[in-house]
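# Close look at the chain arrangement
Residue strings, one per chain:
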Amino acid sequence: VQADGTDGNCVTFVLHDEDHTLGNSLRYMVMKNPDVEFCGYCITHPSESKINFRIQTRGTLPAVEPFRKGLTNLMGVCQHVLNTFEVRLSLKRSGA
Amino acid sequence: QAFRVDIIREEEGTLEFDMVGIDAAIANAFRRILLAEVPTMAVEKVFVYNNTSIVQDEILAHRLGLIPIRADPRLFEYRNQGDEEGTEIDTLQFQLKIKCSRNPQAAKESSDPNELYFNHKVYSKHMTWVPLGNQTDLFPDADFRPVHDDILIALLRPGQEIDVLMHCVKGIGKDHAKFSPVATASYRLLPDITLLQPIEDEAAELLQKCFSPGVIEIQNIKGRKVARVANARLDTFSREVFRHESLKNLVRLARVRNHYIFSVESTGILPPDVLVSEAIKILMGKCQRFLNELDSVPME
């Protein structure tokens, strides 16, 4: 984790062993948060499997907050998708 | 969230389903995980005891690695780094021992290899499972074998034999493509065809020919033939309609932004619906990993 500046608003997280799969979906989740002023990720070098994930919040909110919330929301979305998928699958199987 | 999943079609190894109300980033994440991060078991190490066939050792080992093995990867663990031997919880052992011999009863002038020789074609059905340690107790009814029995591995002639022992481990597609559980996993967006003006008679016939069959339907309203968009889903978006001057400005081709049509084809190791569930769970697992790290590592 590298912090920029004196306040905790603007933080760059270095995530190891990750690529666009998590990076893009996490960025999408964090962008939905109205407190976030800037959110982006980049892959420093394609040979190394790590991403730089940067969050900047407006106001005084520490940047770790939207990161945590984004991760939790992404988990919620996945759970919802899984449940819906399984329900539909069992409906289709029992109806056929 | 106004989100729904519709299962359209489920066949032997293929699953086609729709996801509506999801975003491109998440749909792509699922596709990437299906291709590269759902684990499977595949042959990793081949111990060659005797190989007098024409096929070189390394080529034979490469071919054996690509054979899909019917073994549920959730029952096994990953092998530890640097562990050469392999334990019973992370390794499956297979043996391939076959020798080609001449058939003494063959007719004198026959040139058909099927008649002349025994065992001259080595198929994947000749691979047998050799239980390690207590695997017979752990998996009493399991039958570990390749998914398809008729994969041709090598060709032999009399006097040649192959005697190898294979270790299968659990891995992911990111490491080597042989571990990928899907033949292919793809998605496309639902096409959205709008007719800006009513199109009639010959123009309607021409319009129907421009699109894939079944997309445009011609109805008879008050004696005139009128075209109507019947099933936009079947369209393959060939944009043929824009080549015709008369129809160019009357049709608008677009895509529905959040309606994804997924198509998942499994290699047979796991059924495709299980693969999709596993992929979703893996994405959740990744998030959980970072949440745990956030909580455990103190932030400066």
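Criteria and cut-off values
Residues numbered from 1 in each chain as written. Chains lettered and ligands numbered in written order. Predicted model: local features only at pLDDT ≥ 70, side-chain atom pairs only at ≥ 80, totals over all residues. Heavy atoms only, no water. UniProt positions renumbered as here; feature names shortened; annotations may be inferred. Helix = DSSP H or I, 4+ residues; strand = E, 2+ residues; numbered from the N terminus. Rg over C-alpha atoms; globule rule 2.2 N^0.38 Å. Contact = heavy atoms within 4.5 Å. Areas by Shrake-Rupley, 256 points an atom, 1.4 Å probe, with all protein chains shown as cover. Lys, Arg positive; Asp, Glu negative; His and termini not counted. Charge placed at Lys NZ, Arg CZ, Asp CG, Glu CD. Buried area = accessible area lost by both parts, 1.4 Å probe. Salt bridge = Lys/Arg side-chain N within 4 Å of Asp/Glu carboxyl O. Polar contact = N/O pair within 3.5 Å; in protein donor to acceptor, adjacent residues only side chain to side chain. Domains from an automatic or database assignment. Phe/Tyr/Trp six-rings, centres within 6.5 Å; stacked < 30°, edge-to-face > 60°. Lys NZ or Arg CZ within 6 Å of the ring centre and 35° of its normal. Core = buried A, V, L, I, M, F, W, Y, C linked by side-chain atoms within 4.5 Å. Buried < 20%, exposed > 50% of the residue type's maximum accessible area, 1.4 Å probe, protein only.

Chain B carries the name DNA-directed RNA polymerases I and III subunit RPAC1 in an unreviewed UniProt entry, which gives Chunga burmeisteri as its organism. If you open the UniProt record of chain B and go to Sequence similarities (unreviewed entry), you find "Belongs to the archaeal Rpo3/eukaryotic RPB3 RNA polymerase subunit family." Turning to chain B, the UniProt record has this under Subcellular location (unreviewed entry): "Nucleus".

As annotated in an unreviewed UniProt entry, chain A is DNA-directed RNA polymerases I and III subunit RPAC2 from Chunga burmeisteri. Here is the UniProt Subcellular location (unreviewed entry) comment for chain A, exactly as written: "Nucleus".

### Looking at the overall build of chain B
The helix and strand tally for chain B stands at 6 helices and 16 strands. Here the C-alpha radius of gyration of chain B, 27 Å, is well above what a compact globule of 300 residues would show, namely 19 Å. In chain B, of all internal contacts separated by at least 6 residues, the share reaching a separation of at least 24 is 75%. For chain B, the exposed surface amounts to about 15,900 Å²; the carbon and sulfur share of it is 49%. Between the centroid of the 36 positive side chains of chain B and the centroid of its 44 negative side chains there is a distance of 7 Å.

### Things to note about the interface of chain A and chain B
Across the contact, 33 residues belong to chain A and 38 residues belong to chain B. In this assembly, chain A packs against chain B so that about 3,400 Å² is buried in total across both faces, 70% of it on carbon and sulfur atoms. If you sort the residues of chain A by the area they bury against chain B, Thr-21, Met-75 and Phe-85 of chain A come out on top, with a joint share of 19%. The tally of links between chain A and chain B comes to 2 salt bridges. Across the salt bridge formed by Lys-286 of chain B and Glu-18 of chain A, the nearest N and O atoms sit 3.4 Å from each other. Connecting chain A to chain B are 3 residue pairs in polar contact (both at pLDDT 80 or more). Only strand E2 (10–16), helix H1 (20–31) and helix H2 (64–95) of chain A provide two or more residues apiece to the side of chain A that touches chain B. Considering each element in turn, the side of chain A that touches chain B owes the most residues, 20 residues, to H2 of chain A.

### Some words on the domain arrangement of chain B
For chain B, the assigned domains read domain 1 (4–36 + 184–262) and domain 2 (40–179). A straight line from the C-alpha centre of domain 1 of chain B to that of domain 2 of chain B covers 45 Å.

### Some thoughts on the UniProt feature "domain: DNA-directed RNA polymerase RBP11-like dimerisation" (unreviewed entry) in chain A
UniProt feature "domain: DNA-directed RNA polymerase RBP11-like dimerisation" (unreviewed entry): in the numbering of this structure it lies at residues 10–83 of chain A. Between the end C-alpha atoms of residues 10–83 of chain A the distance is 35 Å, and the span holds 43% helix and 31% strand.

### Let's talk about the packing of aromatic side chains
By the definition in use, this model includes 8 aromatic pairs over all chains. With a centroid separation of 4.1 Å and 15 degrees between ring planes, the pair formed by Phe-13 of chain A and Phe-67 of chain A is classed as stacked. Residue Phe-13 of chain A is found in strand E2, and its partner Phe-67 of chain A is found in helix H2; the two are separated by 54 residues along the sequence. Following the ring pairs from residue to residue traces out a cluster consisting of Phe-85 of chain A together with Phe-17, Tyr-187, Tyr-260 and Phe-262 of chain B. The residue whose ring lies beneath Lys-170 of chain B is Tyr-78 of chain B, and the NZ or CZ to ring-centre distance is 4.8 Å.

### Details of the nonpolar core
Counting 55 residues, the largest nonpolar core has Phe-53, Ile-55, Phe-67 and Leu-71 of chain A together with Phe-17, Ile-22 and Phe-30 of chain B as the members making the most contacts within it. Excluding residues that lie within four positions of it along the chain, Phe-30 of chain B makes contacts with Val-81 of chain A together with Met-19, Ile-22, Phe-262, Ile-280 and Leu-283 of chain B.

### Some remarks on the environment of Leu-253 of chain B
As for its placement among the helices and strands, Leu-253 of chain B is situated in strand E16 (residues 251–266). Excluding its chain neighbours within four sequence positions, the residues that come into contact with Leu-253 of chain B are Asp-192, Ile-193, Phe-211, Asp-235, Phe-237, Arg-239, Val-241 and Phe-242 of chain B.

### Observations concerning unusual backbone geometry
Residue and element names in this part refer to chain B. Even without being a glycine, Asn-119 presents a positive backbone phi close to 60 degrees. Positionally, Asn-119 belongs in the loop between strand E7 (117–118) and strand E8 (121–123). Given a relative accessible area of 37%, Asn-119 falls into the partly exposed group.

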